[in-house]
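Residue-level structure breakdown
Chain by chain, the residues run as shown.
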Amino acid sequence: MKKFLLSVSFALTLGAAGLPYWIEPCEHKETGCAAGDVELGRWALEAWQSASDGRLRFVAADRDHARLRIVWALPEQGLYGETVPIEVNGKPGAQVNVRIVAAGGGDRLLRDTIVYLTCLHESGHALGLAHTRNFADIMYSFQFGGDIAEYFARYRQKLTTRDDIRKNSGLSAGDRAHLMETLR
Ligand SMILES: [Zn+2]
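All of these numbers come straight from a predicted model, not from anything done at the bench.

Details of the packing of aromatic side chains
- All told, the structure shown has 12 aromatic pairs when counted by the stated rule.
- Of note, R154 hangs over the ring of Y151, and the distance from its end group to the ring centre comes to 4.7 Å.

Things to note about the coordination of the zinc ion
- Within the first shell, the zinc ion binds the protein through H121 (NE2), H125 (NE2) and H131 (NE2), at distances of 2.0 to 2.1 Å.
- Counting along the primary sequence, the residues that act as donors to the zinc ion give the motif H-x3-H-x5-H. With H121 and H125 both in helix α2 (residues 108-126), this residue pair falls four residues apart, about one helical turn. Per residue, the accessibility class of H121 equals that of H125, and both read buried.

Focus on the nonpolar core
- With 47 residues, the main nonpolar core has W48, F58, L68, I70, W72, Y116 and L120 as its most contacted residues.
- Within the residue set of this core, elements represented by two or more residues are β1 (19-23), α1 (37-51), β3 (68-73), β5 (91-99), α2, α3 (148-156) and α5 (173-183).
- With eight residues, the single largest contributor to this core is α2.

Some thoughts on the environment of A51
- Looking at the secondary structure, you find A51 in helix α1.
- According to the relative accessible area criterion, A51 is buried, its value standing at 10%.
- Once you skip the residues sitting within four places of it in the chain, A51 turns out to touch L171, R176, L179 and M180.

Comments concerning α3
- If you check which residues of α3 are buried, you get I148, Y151, F152 and Y155. The arc that holds the buried residues of α3, viewed along the axis, is 85°, so those residues lie on one side.
- The distance from a side-chain oxygen at the start of α3 to the backbone nitrogen of A149 is 3.0 Å, and the residue carrying that oxygen is D147.

A short note on the environment of F142
- By secondary structure assignment, the location of F142 is in the loop between α2 and α3.
- The class of F142 is buried, set by a relative accessible area of 5%.

Focus: the state of the cysteines
- Tallying each qualifying case throughout the model produces one disulfide.
- One disulfide in the model links C26 with C33; its S-S distance is 2.0 Å. Taking the torsion about the S-S bond as the criterion, the C26 to C33 disulfide, at about 80°, is right-handed. Here C26 and C33 have matching classes, each one buried.

A word on the packing of α1 against α2
- Where α1 contacts α2, the two axes come as close as 9 Å, and the packing angle between them is 45°. Regarding the angle of α1 to α2, the classification is oblique. You can see that α1 and α2 cross each other, and the crossing is right-handed. Residues D37, L40, G41, W43, A44, L45, A47 and W48 of α1 touch α2, and the partners they reach there are R111, D112, V115, Y116, C119, L120, S123 and G124.
- The class makeup of the residues in the contact of α1 with α2 is 10 nonpolar, three polar and three charged.

What counts as what
- Residue numbers restart at each chain and count upward from 1, following the sequence in its written direction.
- Residues qualify for local features only when their pLDDT is at least 70, as the model is predicted, and side-chain atom pairs are given and counted only at 80 or more; totals for whole chains, interfaces and linings, by contrast, use all residues.
- Hydrogen atoms and water are omitted, and side-chain values are computed over all heavy atoms in the structure.
- The aromatic pairing rule takes the rings of Phe, Tyr and Trp, using the six-membered ring of Trp, and pairs them if the centres are within 6.5 Å, calling planes under 30 degrees apart stacked, those over 60 edge-to-face and the rest tilted.
- Only Lys NZ and Arg CZ are tested; either one counts as a charge over a ring when it is within 6 Å of the ring centre and within 35 degrees of the ring normal.
- Only nitrogen, oxygen and sulfur atoms qualify as donors, and only when within 2.8 Å of the metal (3.2 Å in the case of Na, K and Ca); with water excluded, sites may look incomplete.
- Note on conventions: DSSP H or I runs of at least 4 residues are helices, E runs of at least 2 residues are strands, and numbering of each starts at the N terminus.
- Burial classes follow relative accessibility: with a 1.4 Å probe on protein chains only, a residue under 20% of its type's maximum area counts as buried, one over 50% as exposed, and anything between as partly exposed.
- To define a nonpolar core, start from buried Ala, Val, Leu, Ile, Met, Phe, Trp, Tyr and Cys residues and group those joined through side-chain atoms within 4.5 Å.
- Note on contacts: a residue pair qualifies if any of its non-hydrogen atoms lie within 4.5 Å across the two residues.
- Think of it as the arc spanned by the lines of direction from the helix axis to the C-beta atoms.
- In protein, a polar contact means a hydrogen-donor-capable atom and an acceptor-capable atom, both N or O and within 3.5 Å, with residues adjacent in sequence counting only if both atoms are side-chain atoms; elsewhere, any N or O pair within 3.5 Å suffices.
- The disulfide definition used here is simple: a pair of cysteine sulfur atoms within 2.5 Å.
- Lines fitted to C-alpha atoms define the axes here, with helix axes fitted over just the stretch in contact, and angles between the N-to-C directions of these axes take values from 0 to 180 degrees.
- What sets the label is the angle itself: under 35 degrees gives roughly parallel, over 145 gives roughly antiparallel, 65 to 115 gives roughly perpendicular, and the rest give oblique.
- Two helices crossing with the near one rotated counterclockwise from the far one by less than a right angle form a left-handed crossing, whereas a clockwise rotation gives a right-handed crossing.
- Three residue categories are used. Nonpolar comprises Ala, Val, Leu, Ile, Met, Phe, Trp, Tyr, Cys and Pro, charged comprises Asp, Glu, Lys and Arg, and polar comprises the others, including Gly.

Right, dumping it as structure tokens:
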């Protein structure tokens with residue numbers, strides 16, 4: 001468990017109507033998901049949207065119309081997560097497969113940190129962002145080394161309650177700049 005497995009970088013063309021997304025309800029308990037993970041995924045999308053200076057607008061849709069899908073994956077379906085291109089009604093889309101890591105030693109907020117940051121990282125790929133070498137970035141890749149536990153702990157330390165996740169986007173100045181470059 002050393003890195004995000006896949007870096008797919010492709011831009012989603014954005015219409016004025018916004019970008020339809022869908023997050024899988026937690027129905028397959030074998031993935032380790034929890035009902036609240038849907039909210040964590042939504043917060044991750046909201047973080048990118050807030051950073052986009054109005055250029056990005058996510059709109060909830062049903063699965064078949066969603067060009068960005070977040071799905072809870074089985075443990076054997078990749079490490080932390082991966083983002084793969086899909087086609088949705090003839091348009092490019094992305095499916096974000098998030099693997100729930102059974103970690104945290106009973107620390108629920110650490111567990112939620114990992115789910116949230118994985119959603120954030122992978123949805124960044126869906127938006128066309130590539131990996132960086134900067135440990136401060138959510139788009140940092142563990143393939144460049146660094147302490148994975150420290151990476152998650154750094155964010156976890158900002159949290160007192162689960163609601164604090166919403167107040168701490170996890171995006172660095174570099175991530176924000178890369179998003180704006182991608183959306184330009
Ligand atoms: Zn990645």
